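Residues per chain, in single letters:
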Amino acid sequence: MPPSDAECVRSCLDGHPEAFRHLVARYQTSLTRHLRFHLGEMGEALEVAQETFVRAYFALGNLRKPEAFFSWLLGIADRVCKETRRAALRHKSVSCDQMELAETTKTVDPGAGQAVTEAVGGLPDAYREVIVLRFYGGHSCADISRDLGVPLGTVTKRLSRAYALLREQLAGRGGAGSEVTP
Amino acid sequence: MKCSECRDALAAYLEGLLDPADRARMEAHMDECASCRAELEEVRELTAHLQREGLAASPVSLETQVMDRILQQQAVELRRLKMRTRIRILGISGAMAAAVAMLLVGGFWLAQPATAEAERAAEVLAQGAEATPSPSTVHILAKLRTIGHDNFVMIGDKYDFVPVEIWKQFGDRPKWRVEKPGRVAVMDGKTLGSQAHPSDHGGGRAGGGHRRGEEPPARRRLSQEQVFL
């Protein structure tokens, strides 16, 4: 049976960095796909995900609840995303041609997808992490329950409440049905 | 079943995780409640959309890159830690430790922007300390960004490099002496004294070469050191 998040974190803090490999393997897909929908580009999402994991490793000592590793990781990813966007804005001294090219390659995920992604990004941590793990990481509810160290009933309840919040947010944008329906 | 219970159980229902009795209760409630039935349909559409989004991205494998970067950064941190440990082993403390730390930063690291070279310099110094388990004296030649005649206060990358020498005498009464053009500081662990360099009369640089018949600079300084220490 693979070690839990909390066991991996403790192992890393005890001087076994290889334990972090389990955490990367467990969350790399969820995190990168989540970031891809935020940033719109897979290459950038991969870079931000990598930076997020490295920063997380060196900040493990500050993690108060090791069982909430993924939620904490999403917080770090948000900060790295913001830094990346700020850096991109600072480097706007490209030519008009380059700018047009950049814009055409960035608009990968317009419309309904973007609205849902933004709504997911705006969820409280506990709800966002179950949505990201379930849909972007392809984890089953039983896997999420084990990874996060919470009962299965808590996972499904959080998912239900996350759906309700997403529906509210999407309705506020002008109708959930029209946004969500492909 | 109440509507609030039904809403909380929607995910478990869609995932097929409800036991048969709860599933039957929920379906009975939805037969009667149009609002919950509509909500179930909306959530079904939402989850289908989320699933399509998730599947749209390709598989990811970051383990090797992440672990390589972590191990590289750890190696750098480890060397820095060893360096600090070696400095402690040498017995540097107090104000002199600050001077040596500045010297290392100013002399090695700022002098050589290439991190690998700076790390190498620090490593050589650490190895030297390790290879000499019970030294009686240590003599370090280095460069420090500072100005002459200053009392080891004005140190930083806005100043030019000047040559600096440091001696540590071990034993019952360990002492330190740091020398730079125009200034000498001596410390015995309790007191710190500094004064103009004895060979720097009129602002000339000490140790800039020696005339025939004079003692070599190193021996001359060591004899001065005996006087000062």
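Residues numbered from 1 in each chain as written. Chains lettered and ligands numbered in written order. Predicted model: local features only at pLDDT ≥ 70, side-chain atom pairs only at ≥ 80, totals over all residues. Heavy atoms only, no water.

(A) Representation of the overall build of chain A within the structure. When its secondary structure is counted, chain A shows 10 helices and 0 strands. Counting from the amino terminus, chain A carries its helices and strands in the arrangement α-α-α-α-α-α-α-α-α-α. Per-residue burial for chain A yields a buried fraction of 48% across its 182 residues. Here chain A displays about 8,500 Å² of accessible surface, and carbon together with sulfur accounts for 53% of that area. (Helix = DSSP H or I, 4+ residues; strand = E, 2+ residues; numbered from the N terminus. Buried < 20%, exposed > 50% of the residue type's maximum accessible area, 1.4 Å probe, protein only. Areas by Shrake-Rupley, 256 points an atom, 1.4 Å probe, with all protein chains shown as cover.)

(B) The arrangement of the interface of chain B and chain A in detail. Each side of the interface is counted separately: chain B has 36 residues, and chain A has 44 residues. In total, about 3,700 Å² of surface goes out of reach between chain B and chain A, with carbon and sulfur atoms giving 64% of it. The tally of links between chain B and chain A comes to 5 salt bridges. As a salt-bridge pair, Glu39(B) and Arg167(A) come within 3.3 Å of each other at their nearest N and O atoms. Counting the contacts that link chain B with chain A gives 10 residue pairs in polar contact (both at pLDDT 80 or more). Residue assignment for the side of chain B that touches chain A shows that the elements contributing at least two residues are helix 1 (3-8), helix 2 (10-14), helix 4 (34-56) and helix 5 (63-89) of chain B. Examining the composition of the side of chain B that touches chain A, we find that 12 residues originate from one element, helix 4 of chain B, more than from any other. When its residues are assigned to classes, the side of chain B that touches chain A shows 16 nonpolar, 10 polar and 10 charged. (Contact = heavy atoms within 4.5 Å. Buried area = accessible area lost by both parts, 1.4 Å probe. Salt bridge = Lys/Arg side-chain N within 4 Å of Asp/Glu carboxyl O. Polar contact = N/O pair within 3.5 Å; in protein donor to acceptor, adjacent residues only side chain to side chain. Nonpolar A, V, L, I, M, F, W, Y, C, P; charged D, E, K, R; others polar.)

(C) Looking closely at helix 7 (residues 125-136) of chain A. All names here are of chain A. For helix 7, spanning 12 residues, the distance from its first C-alpha to its last is 15 Å, which sits close to the expected 16 Å at 1.5 Å a residue. For helix 7, a buried count of 10 out of 12 residues is recorded, marking the element as mostly surrounded by other parts of the structure. If you check which residues of helix 7 are buried, you get Tyr-127, Arg-128, Glu-129, Val-130, Ile-131, Val-132, Leu-133, Arg-134, Phe-135 and Tyr-136. Once helix 7 finishes, Gly-138 follows within two positions and takes phi at roughly 70 degrees, a positive value. (Expected span 1.5 Å × (residues − 1).)

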